[in-house]
Amino acid sequence: MNAVWYYVQSDSDFESKSGPWEDDMGLLTSLKSSISRATSSLFAGSEPKRIGIYGPPNAGKTTLANRIARDWTGDAVGPESHVPHETRRARRKENVEIKRNGKSVTIDVVDTPGVTTKVDYNEFLEHDIDKDDAVRRSREATEGVAEAMHWLREDVDGVIYVLDAVEDPFTQVNTMLIGIIESQNLPVLIFANKIDLEDANVQRIANAFPQHETVPLSALEGDNMDEVYDKIAEYFG
Amino acid sequence: MPEITANDDGDDPTNPGDGSGGAPGDGSSGAPEDGSGGEPSIDGIQIDMISAERIEGMRTMEKIRLILDGVRDGNIVILEKGLDPDEESKLIEVTMSEINPDGFTGIEVESYPGAGSNDSGLLGRLIGRDDPNKLTVIGPANRIETLHKDEKLISTLITRT
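Small disclaimer: the values here were computed from a predicted structure and weren't measured.

A. A look at the overall build of chain B. When helices and strands are counted, chain B shows four helices and six strands. Secondary structure elements in chain B, listed N-terminal to C-terminal, are β-α-α-β-α-β-α-β-β-β. Long-range pairs, those at least 24 residues apart, make up 64% of the contacts in chain B with a sequence separation of at least 6.

Shown next as structure tokens:
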């Protein structure tokens with residue numbers, strides 16, 4: 001199956017292009033879209049669920065998205081980096097078909113920018129990035145975080161929350177995001193990533209969020225991916 | 001809980017929302033810094049403790065402005081009852097839109113982690129452990145550093161710059 005990565009335009013961009021005079025067109029477009037969705041679902045079964053990959057910066061979200069994409073579509077996708085906020089726009093890969101135990105589950109994977117409450121361009125300077133580029137990156141990063149929050153509130157059907165198993169999970173961003181996800185009644189799986197590293201502590205993550213299932217993995221090395229796909233099929237199928 | 005600020009200019013601090021009555025973060029409650037009279041300049045950190053009662057009737061954006069205006073003035077804002085998840089989500093979004101390279105770098109927020117489903121349900125709600133609106137401390141990102149955090153203790157360092 002062919003799958004395509006999209007850079008997703010933020011809702012605010014869409015909003016700026018619409019006006020009251022476009023309401024009728026919007027209704028028609030919406031109606032067409034609804035009919036199209038209903039028709040396609042008649043012939044193709046249920047719509048793929050949009051699964052957002054969320055988490056703090058540098059947890060390995062894009063590495064995981066790439067791993068899933070490579071395993072099931074063969075595509076090489078977005079750049080991975082140790083520099084925080086490398087992913088500054090949400091990216092979507094549609095129609096990722098995951099086959100488990102004789103059944104198949106089709107999802108759209110939405111790789112989102114790492115969520116934070118602060119962005120300081122000086123952080124980028126520490127990674128040998130010049131000031132102009134650092135300022136540009138920090139501006140794009142703030143836009144990306146806002147976009148990720150927008151998606152979470154309105155446009156995803158489930159969440160994979162990725163944490164770096166080496167880092168302390170008791171951070172405010174994690175607490176707030178898990179709370180926001182729960183308030184939306186979205187199904188959520190917590191992935192404890194980077195278990196290939198010596199200091200990884202999966203149990204600490206499980207203890208921090210006992211109300212959710214924690215799955216250990218290394219997206220980079222491909223460790224425990226069978227269980228990862230079992231759980232994705234179970235939770236989001 | 002009454003609102004307490006380090007610098008009281010005599011305005012009614014319980015007057016909500018109009019932004020002109022000495023509300024936290026409106027920039028009017030600080031002591032004079034030019035030494036030209038009035039109260040002496042105080043070298044310290046202003047802490048605005050905002051009661052649940054004060055923000056109870058506010059709209060989401062009014063709460064967010066109250067918080068961000070205070071934080072952008074360099075104050076520490078303590079909410080007796082924190083924001084709900086949707087408001088937290090919008091707080092992050094608005095904060096991101098206000099970050100600029102030459103000044104505001106964002107916020108640091110501290111509150112206790114959620115109790116989790118082990119404590120939810122009827123019993124959890126009855127004993128109050130299921131309430132997401134917990135005491136919350138918000139300050140400028142460049143002034144607050146978390147030293148330790150778990151379910152029962154948050155230890156934070158607040159600096160002047």
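B. Highlighting the overall build of chain A. A count of helical and extended segments in chain A gives eight helices and seven strands. Within chain A, the proportion of its 237 residues that are buried is 40%. Looking at chain A alone, contacts between residues at least 24 apart form 72% of all its contacts between residues at least 6 apart.

C. Geometry of the interface of chain B and chain A. If you look at the interface, chain B gives 27 residues, while chain A gives 27 residues. Elements with a contribution of two residues or more to the side of chain B that touches chain A: α3 (85-98) and β3 (107-111) of chain B. Ranked by residue count, the leading element in the side of chain B that touches chain A is α3(B), at nine residues. Residues of the side of chain B that touches chain A, tallied by class, amount to 10 nonpolar, 10 polar and seven charged.

D. Looking closely at the environment of A:Asp199. Relative to the assigned elements, A:Asp199 resides in the loop between β6 (188-193) and α7 (202-208). Note on A:Asp199: 8 C-beta atoms within 10 Å, which makes it exposed.

E. Geometry of the sheet that holds β3(B). All names here are of chain B. Strand order in the open sheet formed by four strands is β1-β2-β4-β3, with mixed pairing between adjacent strands. With one partner strand each, in any of the chains shown, β1 (47-50) and β3 form the two edges of the open sheet. Across the sheet, the mean angle separating the axes of adjacent strands is 15° when strand polarity is ignored. Note: β3 against strand β4 (residues 136-140), five bridges, orientation antiparallel. If you follow Glu-110 over to β4, its bridge partner there is Val-137.

F. Structural view of the environment of A:Lys194. Residue and element names in this part refer to chain A. Relative to the assigned elements, Lys-194 resides in the loop between β6 and α7. A tally of 26 C-beta atoms within 10 Å means that Lys-194 is categorised as buried. Residues Lys-194 and Gly-55, spaced 139 residues apart in sequence, show a C-alpha to C-alpha distance of 14 Å. The contact partners of Lys-194, leaving out residues within four places of it in the chain, are Gly-60, Asp-164, Ala-165, Val-166, Ala-200 and Ser-218.

G. Highlighting helix α8 (residues 225-236) of chain A. Residues and elements named next belong to chain A. For α8, spanning 12 residues, the distance from its first C-alpha to its last is 16 Å, which sits close to the expected 16 Å at 1.5 Å a residue. When we look at burial in α8, the residues that qualify are Val-228, Ile-232 and Phe-236. Down the axis of α8, the buried set is contained in an arc of 35°. They therefore lie on one face. Turned more than 90 degrees from where α8 packs its buried face, Asp-226 and Glu-227 sit exposed. Among the structural elements, β2 (49-54), β3 (91-100), β4 (103-111), β5 (158-164), β6 and β7 (214-216) are those in contact with the buried residues of α8.

H. How the structure looks around helix α5 (residues 131-154) of chain A. Here α5(A) is 24 residues long and its end C-alpha atoms lie 35 Å apart, about the 34 Å a rise of 1.5 Å per residue gives. Residues of α5(A) that are buried: A:Arg137, A:Ser138, A:Ala141, A:Thr142, A:Gly144, A:Val145, A:Ala146, A:Glu147, A:Ala148, A:Met149, A:Trp151 and A:Leu152. Buried positions along α5(A) lie against β2, β4, α4 (122-125) and α6 (172-183) of chain A together with α3 of chain B.

I. Molecular detail of the confidence of the model for chain A. For chain A, the mean per-residue pLDDT works out to 82, and 80% of the residues sit at or above 70. Note that pLDDT drops below 50 for residues 8-44 of chain A; the model gives that stretch 12 contacts with residues more than four away or on any other chain.

J. Here's a closer look at the packing of α5(A) against α3(B). The interhelical angle for the contact between α5(A) and α3(B), taken along N-to-C directions, is 155°, at an axis separation of 8 Å. Between α5(A) and α3(B), the crossing angle belongs to the class labelled roughly antiparallel. Of the two possible hands of crossing, α5(A) and α3(B) adopt the one that is left-handed. Along the contact surface, α5(A) presents A:Thr142, A:Val145, A:Ala146, A:Met149, A:His150, A:Leu152 and A:Arg153, while α3(B) presents B:Ser89, B:Ile92, B:Glu93, B:Met96 and B:Ser97.

Calculation notes
- Residues numbered from 1 in each chain as written.
- Chains lettered and ligands numbered in written order.
- Predicted model: local features only at pLDDT ≥ 70, side-chain atom pairs only at ≥ 80, totals over all residues.
- Helix = DSSP H or I, 4+ residues; strand = E, 2+ residues; numbered from the N terminus.
- Contact = placed C-beta atoms within 7 Å.
- Buried ≥ 20, exposed ≤ 12 C-beta atoms within 10 Å, placed from the backbone.
- Nonpolar A, V, L, I, M, F, W, Y, C, P; charged D, E, K, R; others polar.
- Pairing = 2+ DSSP bridges.
- Axes fitted to C-alpha atoms, helices over the stretch in contact; angles between N-to-C directions.
- Expected span 1.5 Å × (residues − 1).
- Arc of directions from axis to C-beta.
- pLDDT = per-residue confidence, 0-100.
- Parallel < 35°, antiparallel > 145°, perpendicular 65-115°, else oblique.
- Left-handed = near helix turned anticlockwise from the far one by under 90°.

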